[in-house]
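Per-entry structural report
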Amino acid sequence: PPVDIFDYIVFGATGDLTMRKLLPALYYRYRDGQIPDEARIIGTARSPLSRADFQGRAEKALHNFVKPADLDPDTARRFLDLVHYVSLNGAEADSTWPALKSLLAEAPADRIRVYYLATAPGLYGQICENLSNQGLVTEQSRVVLEKPIGTDLQSANAINDGVGRHFPENHIFRIDHYLGKETVQNLIALRFANPVFERLWSSDAIEYVQITAAETVGVEGRGPYYDKSGALRDMIQNHLLQVLCLVAMDPPGSLEADSLRNEKLKVLHALRPITPDDVATYTVRGQYTCGKEGDKTLAGYLEDLGEDATSSTETFVAIRAEVHSWRWGAVPFYLRSGKRMAEKCSEIVIQFKAAPWSIFATKPPANRLVIRIQPDEGVTLSVSTKDPTPTDSLALRQADIDIAFEKAFGTRYPDSYERLLLDVVRGDPVLFIRRDEVEAAWRWADPILQGWAEDKVKLEPYPAGSWGPEAARALLARSGHQWHEDM
Ligand code: BG6
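Residues numbered from 1 in each chain as written. Predicted model: local features only at pLDDT ≥ 70, side-chain atom pairs only at ≥ 80, totals over all residues. Heavy atoms only, no water.

Looking only at helices and strands, one finds 16 helices and 17 strands in the protein. The C-alpha atoms of the protein give 24 Å as radius of gyration, which agrees with the globular expectation for 487 residues (23 Å, within 12%). The buried share of the protein, reckoned over its 487 residues, is 54%. In the protein, 77% of the contacts between residues at least 6 apart in sequence involve partners at least 24 apart. (Helix = DSSP H or I, 4+ residues; strand = E, 2+ residues; numbered from the N terminus. Rg over C-alpha atoms; globule rule 2.2 N^0.38 Å. Buried < 20%, exposed > 50% of the residue type's maximum accessible area, 1.4 Å probe, protein only. Contact = heavy atoms within 4.5 Å.)

Printed below as a string of structure tokens:
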């Protein structure tokens, strides 16, 4: 069913995120009948564009980022009618606000308003203050904050304080697009609708867990942002920790937002702190150098940044995390993410313990559950079966119990933003991050960043197109463990 009529006001509307993700996601929801024709999508940015100019850019974005088969010209035209533009510097309390004010005033005062902040995070507080001073924060207003929320605990608190002065916590939607991925939400179904897994879900049966988000892209045009951020802030502090929470948490009492978020928070609090002195033992950081992809030569990170660049920013991280709780004991949760790796793949590997004893000629390998977040979404459980080739002994052979979701359900996998953008309109925060989660995640990440800043562990080079530095392998080998691609 369609959501209530809304105005979506995007700050930073000429940016990459709006074009690549927000407009295409809203188009799909509109096409599927979930967005009423009276809704408005109001882009704002500093560029002095006309409404028609911005609609032209939006149209181009649809052509570039919506699958051709899904782009119906008539639907696209009607969708573009929802799109408006106001030239505005949201961070300045200047004379550009009246245009937005009068546009918003054309709608009834109780219409749902979503202020989507896709600008530099340092501006979030200022924009909210201006919205409030201009009298634009109504009872029905919500604000969406894109990551990164700060670069450490202190800056995150400053941002959250700034926004929190003008919006109550339950009207603040901190987006982590990994939570919008179907397969990440499916973790909740897999774990809590299938006792067969949940009964084994602890250190009793699980030897270790791996969570990988590997990308083949480099920093592309995002060097200036990325070089200040690095893989820990860009991927681990948010996306991978959120996935870790869903893998490690206890069953929530219900699917109500705070019920779920309370359980995630407990996991974040139970993470074993990694002090600056521990970083050499528990973390690996790397930076890609030039490499090969087939015949193609791939540039190194410094080359990607530009001529004469120097940088000690990590483009790869591997960490041995531990959740110190009764359920998990000291089970390692290996987290890994990097740019310019061998494959684009986000997945969770649950490595079960091996049988204590074998009655077979060869010891059966331990079972493994692989949850593929993307691409090729699905779940695979590896099992030992009897080898059907006739021999005189009962020999074993490995096989997979496999569900490939797209094939199983014959349905399109929506982009993560599609669900999240409309959840904000519906006022459902279950897939968004509460302030205390952000804080707990930074509290864990900060000492690691500090240890790195003090050079307590070497920045390891790895060739573009590889699985990362050798040290990442060694991190697991110490405990007799292996990354999935080596198994
Ligand atoms: C973003 C990061 O949050 O996630 C990017 O800023 C990264 O650097 C992206 O490329 C990865 O998202 P996905 O959905 O492609 O795994």
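Below, the discussion takes up helix α5 (residues 124-133). Buried within α5 are the following residues: Tyr124, Gly125, Ile127, Cys128, Asn130 and Leu131. Against β1 (6-11), α4 (97-105), β4 (112-117), β5 (141-145) and α6 (153-164) lie the buried residues of α5. Gly135 lies just past α5 and shows a positive phi near 70°.

Once that is clear, we can look at the packing of aromatic side chains. For the coordinates displayed, the defined rule picks out 18 aromatic pairs. Ring geometry for Phe11 against Trp97: centres 6.3 Å apart, planes inclined by 40°, an arrangement best described as tilted. One end of the pair, Phe11, is in strand β1; the other, Trp97, is in helix α4, with 86 residues separating them in the sequence. Taken individually, Phe11 and Trp97 each receive the classification buried, so the pair is uniform in this respect. Their ring planes at 70° and their centres at 6.3 Å tell us that Tyr288 and Tyr462 sit as a pair that is edge-to-face. Here Tyr462 lies in strand β17 (residues 459-463) and Tyr288 lies in strand β8 (residues 283-289), a separation of 174 residues in the sequence. (Phe/Tyr/Trp six-rings, centres within 6.5 Å; stacked < 30°, edge-to-face > 60°.)

For the rest of this paragraph, the subject is the nonpolar core. With 152 residues, the main nonpolar core has Phe79 and Trp444 as its most contacted residues. Looking at this core, the element that brings in the most residues is helix α9 (residues 223-248), giving 13 residues. Apart from residues lying up to four places away in sequence, Trp444 is in contact with Ile236, Leu241, Leu271, Arg272, Pro273, Ile274, Ile319, Ala321 and Leu335. (Core = buried A, V, L, I, M, F, W, Y, C linked by side-chain atoms within 4.5 Å.)

Here we take up helix α10 (residues 257-270). With 14 residues, α10 ought to run about 20 Å at 1.5 Å a step, and its terminal C-alpha atoms sit 20 Å apart, in line with that. Counting buried residues along α10, 10 of its 14 residues qualify, which places the element largely inside the surrounding structure. What α10 keeps buried is the set Ala257, Ser259, Leu260, Arg261, Glu263, Lys264, Leu265, Val267, Leu268 and Ala270. Against α7 (182-192), α9, β11 (316-322) and α15 (435-453) lie the buried residues of α10. (Expected span 1.5 Å × (residues − 1).)

Pairing within the open sheet is parallel, and its six strands lie in the order β3-β2-β1-β4-β5-β6. The open sheet is flanked by β3 (83-87) and β6 (172-174), the only strands paired with a single partner. This sheet shows a mean twist of 20° between the axes of neighbouring strands, independent of strand direction. The sheet contact formed by β1 and β4 spans six bridges and is parallel. Bridge pairing in β4 places Val10 opposite Tyr116. Packed on one face of the sheet, helix α2 (residues 51-65) meets β2 (40-45) and β3 and runs near 125° to β3. (Pairing = 2+ DSSP bridges. Axes fitted to C-alpha atoms, helices over the stretch in contact; angles between N-to-C directions.)

To continue, consider the environment of Leu80. With respect to the helices and strands, Leu80 occurs in helix α3 (residues 73-80). Judged by its relative accessible area of 10%, Leu80 is buried. Placed 342 residues apart in sequence, Leu80 and Leu422 show a C-alpha to C-alpha distance of 18 Å. Residues within four places of Leu80 in sequence aside, it is in contact with Gln55, Ala58, Glu59 and Leu62.

Time to look at the site of the ligand. By nearness alone, every residue bordering the ligand is listed as Lys147, His177, Tyr178, Lys181, Glu215, Arg222, Asp234, Met235, His239, Lys339, Lys344 and Gln374. Between an oxygen atom of the ligand and a side-chain N or O atom of His177, the distance comes to 2.8 Å. Here an oxygen atom of the ligand and a side-chain polar atom of Gln374 are 2.7 Å apart. For the ligand, the accessible surface in isolation is 400 Å², of which the surrounding protein chains cover 81%. At three residues, α9 tops the list of elements feeding residues into the shell around the ligand. When the residues that make up the shell around the ligand are grouped by side-chain class, the tally is two nonpolar, three polar and seven charged. (Near = heavy atom within 4 Å. Polar contact = N/O pair within 3.5 Å; in protein donor to acceptor, adjacent residues only side chain to side chain. Areas by Shrake-Rupley, 256 points an atom, 1.4 Å probe, with all protein chains shown as cover. Nonpolar A, V, L, I, M, F, W, Y, C, P; charged D, E, K, R; others polar.)

Read from one edge of the open sheet, nine strands run β16-β15-β14-β13-β7-β12-β11-β8-β17, paired in mixed fashion. With one partner strand each, in any of the chains shown, β16 (396-404) and β17 form the two edges of the open sheet. Along the sheet, successive strands turn relative to each other by an average axial angle of 20°, direction set aside. Note: strand β13 (residues 345-352) against strand β14 (residues 368-374), six bridges, orientation antiparallel. Counterpart to Ile350 in the pairing with β14 is Leu369.

Further remarks concern the UniProt feature "domain: Glucose-6-phosphate dehydrogenase C-terminal" (unreviewed entry) in the protein. With numbering aligned to this structure, UniProt lists the feature "domain: Glucose-6-phosphate dehydrogenase C-terminal" (unreviewed entry) at residues 189-484. With 34% helix and 25% strand, residues 189-484 has its two end C-alpha atoms placed 24 Å apart. (UniProt positions renumbered as here; feature names shortened; annotations may be inferred.)

Counting across every chain of the model gives 42 salt bridges. Ionic pairing is found between Asp32 and Arg29, a salt bridge with its closest N-O pair at 3.1 Å. (Salt bridge = Lys/Arg side-chain N within 4 Å of Asp/Glu carboxyl O.)

Attention now goes to the side chain of Glu314. Positionally, Glu314 belongs in the loop between α12 (301-305) and β11. Among buried charged residues, Glu314 stands out as having no salt bridge; its nearest opposite-charge side chain is Arg285, 5.6 Å away. There is a polar contact of 2.8 Å between the side chain of Glu314 and the backbone nitrogen of Leu232. Excluding residues that lie within four positions of it along the chain, Glu314 makes contacts with Tyr226, Ser229, Gly230, Ala231, Leu232, Arg233, Arg285, Gly286, Trp452 and Leu459. (Lys, Arg positive; Asp, Glu negative; His and termini not counted.)

Here we come to the side chain of Thr283. Among the structural elements, Thr283 can be located in strand β8. Among the polar contacts listed, one links the side chain of Thr283 to the side chain of Trp452, at a separation of 3.0 Å. Not counting chain neighbours up to four residues away, the residues in contact with Thr283 comprise Ile274, Ala318, Ile319, Ile448, Trp452, Val457 and Leu475.

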